[in-house]
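So you can see what is in the structure, the chains are spelled out below.
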There are 2 protein chains.
Amino acid sequence: MKNYAIAIHGGAGTIQKGSMSPEKESAYRLALQNAIDAGELVLKSGGSALNAVEMAIVALENNPLFNAGKGAVFTNQGKNELDASIMDGSNLMAGAVAGLIGIKNPISLAKAVMLQSEHVMLAGNGALDFAKQINAPFEPESYFYTDFRYDQLKEAQKTDSVQLDHNIKTEKKFGTVGAVALDKNGNLAAGTSTGGMTNKKFGRIGDTPVIGAGTYANNTTCGISCTGHGEFFLRAVVAYDISCLIEYKNFTLKEACTKVVMDKLVKLGGEGGLIAIDQHGNIELPFNSEGMYRASKKENAEMFIGIYRD
Amino acid sequence: MKNYAIAIHGGAGTIQKGSMSPEKESAYRLALQNAIDAGELVLKSGGSALNAVEMAIVALENNPLFNAGKGAVFTNQGKNELDASIMDGSNLMAGAVAGLIGIKNPISLAKAVMLQSEHVMLAGNGALDFAKQINAPFEPESYFYTDFRYDQLKEAQKTDSVQLDHNIKTEKKFGTVGAVALDKNGNLAAGTSTGGMTNKKFGRIGDTPVIGAGTYANNTTCGISCTGHGEFFLRAVVAYDISCLIEYKNFTLKEACTKVVMDKLVKLGGEGGLIAIDQHGNIELPFNSEGMYRASKKENAEMFIGIYRD
């Protein structure tokens, strides 16, 4: 049996030390801890990396602090449109959903697409038809509403800017949540979930629901979940790029993460970060932005929780 | 100046010799020739690979023989929902659209997303809002209608099967069109366009509009456009995989194509093929299905047109 490991993120961006109240920082740390706990509970009892990833992300989706599920940002039309994807590294099965309105836990719907449909990616009203058919939990608009996100929309609409979960006055933040896990059987899984960009128009889809860009898992290499300026992550096929550097160029996980996040993405102009675990249980949490909400835990080790660049 | 090159495909699948009338085969060959001509016209006069790819795909979209643009298959609800993507290998810019209804040339809209929006991927009604804003040409439902595709829907609905552009009685065909080009300046580009699957439900998105899966282009490696059972191409991140094998493992284009199409995809169960051109102007047109509508042309060489496995 392998030692299990889990890592999560709650988004990356301009998160400067001192810009948050101690109370808010404590709330974020507690939320990250709770999500790790939810995933670890699955892994400790011998459960699958896939289920651990789902449970950790459900905890983050249910917490209004993060731009995913409850607390998602508003589109230009005042809606919360949610995207998510998940991948099982043991068999390269994957599921993804995009442009969802009213789904409580998009990550669980992505998993259902993987396990209960013959498809990988479903979008919009069609995806909601699938959700109804499998009795996925819906919530009313009011469930997703938070004053904080609504104020962000009003602020963004003043300048008609599309905001990447960006509070103009205090922080630039790419709101996404994600988890990667290695279970006792040596299986890797990864998942990502987001509410996208404040004031977004045109049914924009970022990297979150795209297998290979925002999410990838393969037992022979690693599991990856990304957060950042999605357009750059799409163009750079970031998650699969890290897997390929390991598989084809024999890079270590650390070397691959450094090359992609600190070199290739920077040259392209893509701000953000990712979480990664390889088949040996190594964990990397690289980001080229000022901060990234992140946490990790290896079996028999202490939990790590970070927000700023330390 | 480099010698230009262009390759196109019109879908892969069970296309057996003798299963088509000589008239139909001639019509397909003429359509492929016209599409190559449209792309070559751009390249010959020193135009960009990006524009050559667009023009070749526009010719295929406008031809009702292929499952893209006019002549696209019908969804379960009797609609024609179109997906497309395009990528410029000179700067890794990309554009994609998914779930479009009523857009005459999805490939041109994908190019407009790349050049005129700050996004990479737009879907559904939001993408149509963008199309209206830039005055993209729309067509009424009747424009996309063909008896052949409508009969396919009725046939598929009898058994409630989701058809990958599959005429149960005569052929199994993955209807997609695509083009890849290398221009005189040494720039590569690739694009793909499709009507998806007959009788599809749930807003299914395949590999066609996904950068890295159905389409990829990078001047330092190659340009790729895929056609096949999209779910497998998504899970295998096919187009970027070929680029990575060239970049990270020093494979030739031929070696990379053989590894991915004839080995990795076959093991996963993914039927289909792709077209590829590398920075040296080498062209590969591999497929693991019985046939693939395909054509290619190098500067100062004769045009190749193929349908069956020769």
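It should be emphasised that the depicted structure is a prediction, and the values quoted were computed from it without experimental measurement.

### Comments concerning the overall build of chain A
(1) Moving on: Helix and strand counts for chain A stand at 9 helices and 15 strands.
(2) Moving on: In terms of overall dimensions, chain A is globule-like: its C-alpha atoms have a radius of gyration of 17 Å, near the 19 Å expected for 310 residues.
(3) Moving on: Dimensions of chain A, computed from the C-alpha atoms along their principal axes, are close to 55 × 45 × 35 Å.
(4) Moving on: Considering chain A as a whole, with its 310 residues, one finds that 65% of them fall into the buried category.
(5) Moving on: If you take every contact in chain A between residues at least 6 apart in sequence, the share linking residues at least 24 apart comes to 68%.
(6) Moving on: Carbon and sulfur atoms make up 49% of the accessible area of chain A, which totals about 10,500 Å².

### Here's the deal with the sheet that holds strand β12 (residues 272-278) of chain B
All names here are of chain B.
(1) Moving on: A sheet is described by the order of its strands in space; here 4 strands give the open sequence β10-β11-β12-β13, paired in antiparallel fashion. For this open sheet the edge positions go to β10 (215-217) and β13 (283-284), each flanked by a neighbour on one side alone.
(2) Moving on: Both β10 and strand β11 (residues 222-228) contribute to a ladder of 3 bridges, which runs antiparallel. Bridge pairing links threonine 215 to serine 225 in β11.
(3) Moving on: In the packing of helix α8 (residues 238-249) onto the sheet, contacts are made with β10, β11 and β12, and the angle to β11 comes to roughly 145 degrees.
(4) Moving on: Helix α9 (residues 253-268) contacts β11, β12 and β13 of the sheet and is inclined by roughly 165 degrees relative to β12.

### Quick notes on the nonpolar core
(1) Moving on: Within the largest apolar cluster, 102 residues are counted, with the highest numbers of intra-cluster contacts made by A:Ile242, A:Leu274, B:Ile242 and B:Leu274.
(2) Moving on: Apart from the residues within four sequence positions on either side, B:Leu274 is in contact with B:Ile224, B:Ser225, B:Cys226, B:Val238, B:Ile242, B:Cys257, B:Val261, B:Glu284, B:Leu285, B:Pro286 and B:Met292.
(3) Moving on: Formed by 53 residues, the second largest nonpolar core is a distinct cluster that contains B:Ala52, B:Phe66, B:Ala110 and B:Val113.

### Digging into the packing of α8(B) against α9(B)
The geometry of a pair of packed helices is captured by two quantities: the angle between their axes and the separation between those axes.
All names here are of chain B.
(1) Moving on: With their axes 9 Å apart at the nearest point, α8 and α9 run at an angle of 135 degrees to one another. Judged by the angle between their axes, α8 and α9 are oblique. As for how α8 packs across α9, the hand of that crossing is right-handed. The residues of α9 that touch α8, namely those facing Val238, Asp241, Ile242, Leu245 and Ile246, are Leu253, Ala256, Cys257, Lys259, Val260, Lys264 and Leu265.
(2) Moving on: When grouped by side-chain class, the residues that make up the contact of α8 with α9 number 9 nonpolar, no polar and 3 charged.

### Focus on the layout of surface pockets
(1) Moving on: In this structure, the largest pocket occupies an estimated 970 Å³ of space.
(2) Moving on: Along its surface, the largest pocket is lined by 42 residues, and A:Ala123, A:Gly124, A:Asn125, B:Gly124 and B:Asn125 are the ones closest to its centre.
(3) Moving on: Elements supplying a minimum of two residues to the lining of the largest pocket: β3 (93-100), α4 (124-133) and β9 (204-205) of chain A together with β3 (93-100), α4 (124-133) and β9 (204-205) of chain B.

### Quick look at the side chain of A:Asp207
(1) Moving on: Relative to the assigned elements, A:Asp207 resides in the loop between β9 and β10 (215-217).
(2) Moving on: It turns out A:Asp207 is buried and unbridged, and the closest side chain with the opposite charge, A:Arg204, is 5.5 Å from it.

### Overview of the pairing of strand β14 (residues 291-298) of chain A
Residue and element names in this part refer to chain A.
(1) Moving on: Most of β14 sits out of view: 7 of its 8 residues are buried.
(2) Moving on: Pairing geometry for β14 and strand β15 (residues 304-308), over 4 bridges, is antiparallel. Across the sheet, the residue bridging to glycine 291 is tyrosine 308, located in β15.

### Overview of the relation of the copies chain A and chain B
(1) Moving on: Overlaying chain A with chain B gives an RMSD of 0.0 Å, the required rotation being 180 degrees about an axis along which the chain moves by 0.0 Å. Each copy turns onto its partner about a two-fold axis. Of the C-alpha atoms belonging to chain A, the one lying closest to the rotation axis is found on A:Tyr248, 2.9 Å away.
(2) Moving on: Looking at the interface residues of chain A, 100% of them are also at the interface in chain B, so both copies use one shared face.

### Considering the interface of chain A and chain B
Many descriptions give the size of an interface as the accessible area lost when the pieces come together.
(1) Moving on: On the side of chain B, 40 residues touch chain A, which itself brings 40 residues to the contact.
(2) Moving on: Contact with chain B buries area across many residues of chain A, yet A:Phe202, A:Arg235 and A:Tyr248 alone supply 25% of it, more than any other trio.
(3) Moving on: Where chain A packs against chain B, one counts 0 salt bridges.
(4) Moving on: Counting every contact that joins chain A to chain B gives 18 residue pairs in polar contact (both at pLDDT 80 or more).
(5) Moving on: When residues of the side of chain A that touches chain B are traced back to their parent elements, those giving at least two are β3, β4 (121-123), α4, β9, α7 (230-235), α8 (238-249) and α9 (253-268) of chain A.
(6) Moving on: Here the element with the most residues in the side of chain A that touches chain B is α8(A); it accounts for 7 residues.
(7) Moving on: Pairing geometry for β4(A) and β9(B), over 2 bridges, is antiparallel. Bridging across to β9(B), A:Leu122 finds its partner in B:Arg204.

### Quick word on helix α1 (residues 22-44) of chain A
(1) Moving on: Spanning 23 residues, α1(A) covers 32 Å between terminal C-alpha atoms, matching the ideal 33 Å at 1.5 Å per step.
(2) Moving on: Looking one or two places after α1(A), you find A:Gly46, whose phi comes out positive at around 85 degrees.

### Observations regarding the environment of A:Tyr293
(1) Moving on: Its location among the elements puts A:Tyr293 in strand β14.
(2) Moving on: For the pair formed by A:Tyr293 and A:Ile307, sequence separation is 14 residues and the distance between their alpha carbons is 4.5 Å.

### Overview of the pattern of salt bridges
(1) Moving on: One pass over the full model with this rule turns up 20 salt bridges over all chains.
(2) Moving on: Across the pair A:Glu141 and A:Lys79 runs a salt bridge, and its minimum N-O distance is 3.2 Å. Of the two residues, A:Glu141 sits in helix α5 (residues 141-144) while A:Lys79 sits in the loop between α2 (49-61) and β2 (82-88), which places them 62 residues apart along the sequence.
(3) Moving on: B:Lys259 is the partner of B:Asp263 in a salt bridge, and the nearest nitrogen-oxygen pair spans 3.0 Å. Of the two residues, B:Asp263 and B:Lys259 are both situated in helix α9; the distance of 4 residues between them amounts to about one turn of the helix.
(4) Moving on: Taking relative accessible area as the criterion, B:Asp263 reaches 19% and is therefore assigned buried.
(5) Moving on: With a relative accessible area of 34%, B:Lys259 lands in the partly exposed category.
(6) Moving on: Shared partners join several salt bridges into a network, and the residues in it are A:Lys259, A:Asp263 and A:Lys267.

What counts as what
- Residues numbered from 1 in each chain as written.
- Chains lettered and ligands numbered in written order.
- Predicted model: local features only at pLDDT ≥ 70, side-chain atom pairs only at ≥ 80, totals over all residues.
- Heavy atoms only, no water.
- Helix = DSSP H or I, 4+ residues; strand = E, 2+ residues; numbered from the N terminus.
- Rg over C-alpha atoms; globule rule 2.2 N^0.38 Å.
- Buried < 20%, exposed > 50% of the residue type's maximum accessible area, 1.4 Å probe, protein only.
- Contact = heavy atoms within 4.5 Å.
- Areas by Shrake-Rupley, 256 points an atom, 1.4 Å probe, with all protein chains shown as cover.
- Pairing = 2+ DSSP bridges.
- Axes fitted to C-alpha atoms, helices over the stretch in contact; angles between N-to-C directions.
- Core = buried A, V, L, I, M, F, W, Y, C linked by side-chain atoms within 4.5 Å.
- Parallel < 35°, antiparallel > 145°, perpendicular 65-115°, else oblique.
- Left-handed = near helix turned anticlockwise from the far one by under 90°.
- Nonpolar A, V, L, I, M, F, W, Y, C, P; charged D, E, K, R; others polar.
- 1 Å grid on protein atoms, 1.4 Å probe; cavity = no way out; pocket = protein on both sides within 12 Å on 5 of 7 lines; lining within 4 Å.
- Points joined across faces, edges and corners; volume = space filled by probe spheres on them.
- Lys, Arg positive; Asp, Glu negative; His and termini not counted.
- Salt bridge = Lys/Arg side-chain N within 4 Å of Asp/Glu carboxyl O.
- Least-squares fit on C-alpha atoms with pLDDT ≥ 70 in both.
- Buried area = accessible area lost by both parts, 1.4 Å probe.
- Polar contact = N/O pair within 3.5 Å; in protein donor to acceptor, adjacent residues only side chain to side chain.
- Expected span 1.5 Å × (residues − 1).

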